[in-house]
Structures are given as structure tokens and as C-alpha cells.
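Here is how the chains run, residue by residue.
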Amino acid sequence: MVNVPPNHPLAIDPHSPVHKVEIMLSMILRTGVIASLAIIVAGTIVRFAHHHDYLDSRTQLEDLRTSQSFPHSLKAVIDGVRQDRSDAIVAVGLLLLIVTPVIRVAVSIVAFAYQRDFTFVVLTAFVLGMLILSFLLGRAGG
Amino acid sequence: MTPLEFTLLAFVLSIAAGFVGSLLGLGGGIIVIPALTLLLHVNIRFAIGASIISVIATSSGAAAAYVREHMSNLRVAMFLEIATTTGAISGAYLSGHIRPAALFLIFGTVMALSALQMLRHNERDSTAPVPPDRIADHLRLHDRYYDPNTGQVVAYRVTHSGLGLILMYLAGGVSGLLGVGSGAMKVLAMDLAMRLPFKVSTATSNFMIGVTAAASAGVYFARGDINPFIAAPVAAGVLGGALAGSHLLGRIDSARVRGFFIVVLLIIAAEMLYRGYASW
């Protein structure tokens, strides 16, 4: 959705390389968001389909709210999806949501390289490096 | 309350969080954390986990529109992300060595003072000349944006990039340590120090907060702090709210958005001061 009227004297040129990058990054964010939303909603529907008592029983909530038995490692998520576990399906959607900004940073590096803007290739590669480092530290610490 | 009622209520409250967050460049934690803990009786650990998810959802949901409309300044965002990601890692590393209570009091005070500073400069003309900045010139950070509310293309110059970088490092560190306040501090740094137009500040902050939050989300996920039953309705609601909010920002008056931000900033400051006082 570009709001700038095309006849405006200072309209941002849709064919400029900068705007092409913006459209591409916007597409990545939108795709990541819509795909993760679809998976999260699907997982939630599966949860309520498996447990009809979740619709009217008032005794289950405390357990759901405090339970620690949901998958929180990549392996547990994959195993859970194979067993059709709703928690694991939702977790796939949440993980996709978490990696969307990381993918956005990675694609930006390529985009800046394409524009031959090597200062920003280095800056953005540093950001991606820090993100990867944080995931590695998180696995070591968590 | 039945699990279905919980899911629907969390969903509706999160729509509000996503809406406010996308307009003001915040992650929505300011709404999500109290809503989950006070209204829905979720423990603070799962509430913070869900709030990290809410930050990422607000960011990607809103920035998809802001980037396309050239409201976010990509170059400023990428430049400052060097500092926010480094800060986030430092913050996560320091947590456990620093008393959060002291930090809540310090940054609650900083935010309250910043809100007053913003009030004093409320009439500032965004096209007023700014001090020259060689880093901004070299990195070509200056830009222009189209404001659908006034129907004008506004050219702006960026200043004090070095100071902005230091403030962003602090913002990243604070969010890594406290799990809150990263968006508010980013908007403040861009508005007060770097003198970006207010809508550009919130749209650029929105674009950036997802990356800062992603840096800590991996840790929270692996630690088992992100409970799918709680995070699912939060993520879905926030995304819906952010998509709606991002289509509204362009059309409203900048001064009004800025005024709304100052009010929310004072609420965040009060909440931080209270949490610091309560856990002292």
C-alpha cells in the first residue's frame, strides 16, 4: 500500500533500487507474519478440537496457565508436531514469528550488497552476527 | 473462567496492545504484562515470555506497512541495530549480576524526565535546521517521508548519530535486563537526540524492536518461558491490532501521536517506578 500519489512532484520512485528493497523487506515481514498467524490459529483450533471440555469446564484453566509440559526445544517441537500435539503446532508458529526479523536482517545484507553499499553490508552483517551469537549464548545458558 | 474464555479475553486485550504499540513504536508489553498478570492471573515469567512474542508480532506486523510506505528510515534502523543487539546481549549477560529494582527506579526516572523534556519541545518545527553530523552525512541517513495527513513530502536531516548509538546501546541493555521499555527508549532517542520527525521515529522504532526482541526470544523459548497456550492468543491479537494501527498512523496528526506517546511514556515510567519500589 503506497500512499504517495503518483503525480506528486516528490513521489518516491517505485522503480528506484531503494524502494525495491523496501518492497522486498515488507513482503518478507508480511509473509512471515501471515504464515505464523495461520499456524498459531491452526494449532489453537486443534487444541480445542482435541479437548471439548475446554469450551465449558472451569477446572482445566489453572493447569493450562501454569503447566511447564509444553515443548521448548527444537527436537521436542518436531516430535510434538509428528504426534499432532497442539502445543507443538503453536510453537512452530511462534518460532517462525521469532525468526522473521532474523531473516529480514539476512536479506538486507544481500540487498545492500546488490546496491554496492558495502559500509551497510558490514553494518548489517555485524547485526546478523550478534543475533546468531545471542541464539548460541541462549542455547548454552538456557 | 474456561480455557476458551481465557483465550478470547487474552486475544481481545492483545488487539489493544498491538494497536497502541504499532502507533507509538512500542512493543505493547506495557499493556500485555499487566493484562496477563492482573486480569488473567498468569505468573510473571509466562507474562514476560508472552510480552517478548508481542514485541516481535507488533514489529513485523506494523513494519510491513511502514517500510513499504517509506515511513521507517531503513538506514537509520540498520545503523542503530548495531548498538541495540550488542546492548541486548550485554543486558542478558549482566542479568543476575545487577539488581533489577535499582534499574527500574533509574529508568523509571529517566522516562519521566524524558516525558517532561518532550512536553517542553512539543511545538518544535520538524523542519528546523539541526546541527551538522558527519556520521549521518557519511552514512547518508538523511531522508524524506510522505505524510498522508498533511499531503506533504517532508525532508529531514538526522543529527547526533553518535549519541543515538550510545542511547540505543542502553535501550538494548535495559530491554535485555528488564524485558520492558526498549521501544519507548528507542523513540525517545530518535526524537530528542537525533531529531527525526515523530512519525518516522515511531515507524523506525517499530521496525527495530523485532530484531532486539528476537535476540532475547531464543533464550526465553529455550528456557521454557514461552507458554504456547498463553502466547498464542497474544500473538494473534497483537498482529491484528498492529495491522490495523499501522494503517492509521499515516492519517493522524503528528502532534496528536506525540501527545499520546507522552501520556503512555508517563504510564510506563510510573509502572517502572512502582515495580522498582515494590521489589526494593
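Remember, predicted model here, so these are calculated numbers, not experimental data.

### A few points about the interface of chain A and chain B
Inference 1: Every contact between the two is made by 70 residues of chain A and, on the other side, 64 residues of chain B.
Inference 2: For the pair chain A and chain B, the summed buried area comes to about 6,000 Å², and 72% of that belongs to carbon and sulfur atoms.
Inference 3: Our count for the chain A to chain B interface comes out at four salt bridges.
Inference 4: For Arg58(A), the salt bridge goes to Glu5(B), with nearest N and O atoms at 3.4 Å.
Inference 5: The interface formed by chain A and chain B includes 13 residue pairs in polar contact (both at pLDDT 80 or more).
Inference 6: Those elements giving two or more residues to the side of chain A that touches chain B turn out to be helix 1 (17-50), helix 2 (61-66), helix 4 (86-114) and helix 5 (118-141) of chain A.
Inference 7: Per-element tally for the side of chain A that touches chain B: the top contributor is helix 1 of chain A, with 15 residues.
Inference 8: Its residues assigned to classes, the side of chain A that touches chain B comprises 42 nonpolar, 19 polar and nine charged.

### A few points about helix 5 (residues 100-120) of chain B
An α-helix turns once every 3.6 residues. As a result, residues three or four positions apart point the same way.
All names here are of chain B.
Inference 1: The terminal C-alpha atoms of helix 5, which comprises 21 residues, lie 30 Å apart, in line with the 30 Å expected from a rise of 1.5 Å per residue.
Inference 2: Taken residue by residue, helix 5 has Ala101, Leu103, Phe104, Phe107, Gly108, Met111, Ser114, Ala115 and Met118 as its buried positions. Mapping the buried residues of helix 5 onto a view down its axis gives an arc of 150°, with all of them on the same face. The exposed set on the far side of helix 5, more than 90 degrees from its buried face, consists of Leu113 and Arg120.
Inference 3: Taken together, the buried residues of helix 5 touch helix 7 (161-178), helix 8 (182-193), helix 9 (198-222) and helix 11 (254-278).

### Observations regarding the side chain of Thr204(B)
All names here are of chain B.
Inference 1: Here Thr204 is to be found in helix 9.
Inference 2: Polar contacts involving the side chain of Thr204 include one to the main-chain carbonyl oxygen of Val200, which spans 2.6 Å.
Inference 3: Beyond its immediate chain neighbours, meaning those up to four positions away, Thr204 contacts Met71, Ser72, Asn73, Val76, Ala77 and Met190.

About the thresholds
- Residues numbered from 1 in each chain as written.
- Chains lettered and ligands numbered in written order.
- Predicted model: local features only at pLDDT ≥ 70, side-chain atom pairs only at ≥ 80, totals over all residues.
- Heavy atoms only, no water.
- Contact = heavy atoms within 4.5 Å.
- Buried area = accessible area lost by both parts, 1.4 Å probe.
- Salt bridge = Lys/Arg side-chain N within 4 Å of Asp/Glu carboxyl O.
- Polar contact = N/O pair within 3.5 Å; in protein donor to acceptor, adjacent residues only side chain to side chain.
- Helix = DSSP H or I, 4+ residues; strand = E, 2+ residues; numbered from the N terminus.
- Nonpolar A, V, L, I, M, F, W, Y, C, P; charged D, E, K, R; others polar.
- Expected span 1.5 Å × (residues − 1).
- Buried < 20%, exposed > 50% of the residue type's maximum accessible area, 1.4 Å probe, protein only.
- Arc of directions from axis to C-beta.

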